[in-house]
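Structure assessment
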Amino acid sequence: MTEPLPPHPPLERYYARDADRARAVNELFDAGAASYEWVCKVMSLGTGEKYRGQTLTDAGLVSGARILDIATGTGLVLRSARAIVGPTGLALGLDPSRGMLTECRKRCDAPLFQARGESLPFRDGSFDMISMGYGLRHVADLTQLFRECHRVLRPGGRLLILEMTQPQSAWGRWLNRFYLGVAVPRAATLSVGRADAKRMMEYFWHTIEQCVPPESILRAMRDSGFADAKRKVTGGILSEYLAAR
Ligand SMILES: C[S@@+](CC[C@H](N)C(=O)[O-])C[C@H]1O[C@@H](n2cnc3c(N)ncnc32)[C@H](O)[C@@H]1O
């Protein structure tokens, strides 16, 4: 049996005990949900949605495919997936945050499921592709997440994980800390949710800063059965992990 792999150490400023983690994370995303799209647009300088869609195409998503988008949030990945698979395909969204799912429903009429990535309510071999955009840092155990993805993908099906990673250089890390740790949370105070949005984006940054390195994520993917797991980096900080079942 493989050891559980949390994506980062417990973050005491957000939850006192690890047992409180899932509830605390849910509350943060519930409270910040109404501001999420606005903050993402500012954070990515308007390029975020197009980038997500391009990664799905590059990963091989085609018309008619069945895709599950884990950590769907307000549906930034899901909407692109739906456009690509078209009316002959199927795109489903899954997220534990009721607030996020409510915002998602306003923007997209895809079927949505309230659940966690570590326990997927689907039968074995149900999907051609699974995507997860910027949700990996919020699960309790990466190995359990990847095992569940492996189970519900069909043989040959693909897993695409989008994440933010710390740059290699000291200068890049300083810039990242300033942008994601200071500028983006400050910008979030201008949005509708204000204090809630700021706290959500501070948490977002702290999970990036404390995240396990890419090698540990790739190892957990391989330990869960994704033998060919690979990582591509765009712009020094955007990681795309891709693997086939
Ligand atoms: C930063 S948002 C990402 C939204 C969207 N995928 C995107 O690309 O912008 C992270 C999402 O992960 C969700 N989340 C938190 N814990 C999760 C878990 N255990 N399993 C799946 N999703 C989770 C949150 O509720 C939140 O909606």
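Structural notes, computed from the coordinates. Residue positions are given per chain, counted from 1 along the sequence in the order it is written. Residues qualify for local features only when their pLDDT is at least 70, as the model is predicted, and side-chain atom pairs are given and counted only at 80 or more; totals for whole chains, interfaces and linings, by contrast, use all residues.

1. Re the site of the ligand
We call a residue near a molecule or strand when the C-beta position, derived from backbone atoms, sits within 6 Å of it. Taken together, 22 residues lie near the ligand, and Ala71, Gly73, Ser97, Gly117 and Gly133 sit nearest. Under the scheme used here, helices are H or I runs from DSSP no shorter than 4 residues and strands are E runs no shorter than 2 residues, and both carry numbers assigned from the N terminus. Elements represented by at least two residues in the shell around the ligand include exactly helix H1 (21–43) and helix H3 (76–85). Counting residues per element, the shell around the ligand draws most heavily on H1, at 3 residues. Nonpolar residues are Ala, Val, Leu, Ile, Met, Phe, Trp, Tyr, Cys and Pro. Charged residues are Asp, Glu, Lys and Arg, and all others, Gly as well, are polar. Of the residues in the shell around the ligand, the class split is 11 nonpolar, 7 polar and 4 charged.

2. As for the pairing of strand S4 (residues 127–133)
Residue burial is a threshold on neighbouring C-beta atoms within 10 Å of the residue's own C-beta, all placed from the backbone, with 20 or more meaning buried, 12 or fewer meaning exposed, and counts in between meaning partly exposed. Taken across its 7 residues, S4 has 7 buried, putting it largely inside the fold. Sheet topology note: the strand S1 (residues 66–70)/S4 ladder contains 4 bridges and is parallel. Its bridge partner being in S4, Asp69 is matched across the sheet by Ser131. Strand pairing is defined by DSSP finding a minimum of two bridges between the two strands. Two elements, S4 and strand S5 (residues 153–164), share 6 bridges in a ladder whose sense is parallel. Note that in S5 the partner of Ile130 across the bridge is Leu159. Handedness of a crossover: with both strands directed away from the viewer, a clockwise path from the first strand across the helix to the second marks it as right-handed. On the question of chirality, the crossover connecting S4 to the parallel S5 by way of helix H5 (residues 142–152) is right-handed.

3. Digging into the nonpolar core
Connectivity within a nonpolar core runs through C-beta atoms within 7 Å, and the core itself is a set of buried Ala, Val, Leu, Ile, Met, Phe, Trp, Tyr and Cys residues. Counting residues in each nonpolar core, the largest one holds 61 residues, and the members touching the most others are Ile67, Ala81, Ile130, Leu142, Leu159 and Met221. If one sorts the elements of this core by residue count, H1 sits on top with 7 residues. Once C-beta atoms have been placed from the backbone, residue pairs whose C-beta atoms lie within 7 Å are recorded as contacts. Setting aside its immediate chain neighbours within four residues, Leu159 contacts Ile130, Cys149, Leu153, Phe226 and Ala243.

4. Describing H3
For H3, the buried fraction is high: 8 of the 10 residues fall into the buried class. Against H1, helix H2 (48–58), S1, strand S2 (90–94), helix H4 (98–107) and S4 lie the buried residues of H3. Just beyond H3, the residue with positive phi is Gly86, at close to 65°.

5. Some details on the sheet that holds S4
Here we have 7 strands laid out as an open sheet, ordered S3-S2-S1-S4-S5-S7-S6, and mixed in their pairing. Both edges of this open sheet fall to strand S3 (112–113) and strand S6 (230–234), since each of them pairs with a single strand only. Each of S1, S2 and S4 touches H3; the most contacted strand, S2, lies at about 170° to it. Lines fitted to the C-alpha atoms define the axes, with helices restricted to the stretch that makes contact. Angles between their N-to-C directions range from 0 to 180 degrees.

6. Topic: unusual backbone geometry
Backbone geometry at Ala71 places phi at a positive 60°, although glycine is not the residue there. Structurally, the position occupied by Ala71 is in the loop between S1 and H3. Its 26 C-beta neighbours within 10 Å are what place Ala71 among the buried residues. The residue Tyr134 is not glycine, and still its phi comes out positive at about 55°. Of note, Tyr134 is situated in the loop between S4 and H5. Judged by the 21 C-beta atoms lying within 10 Å of it, Tyr134 is buried.

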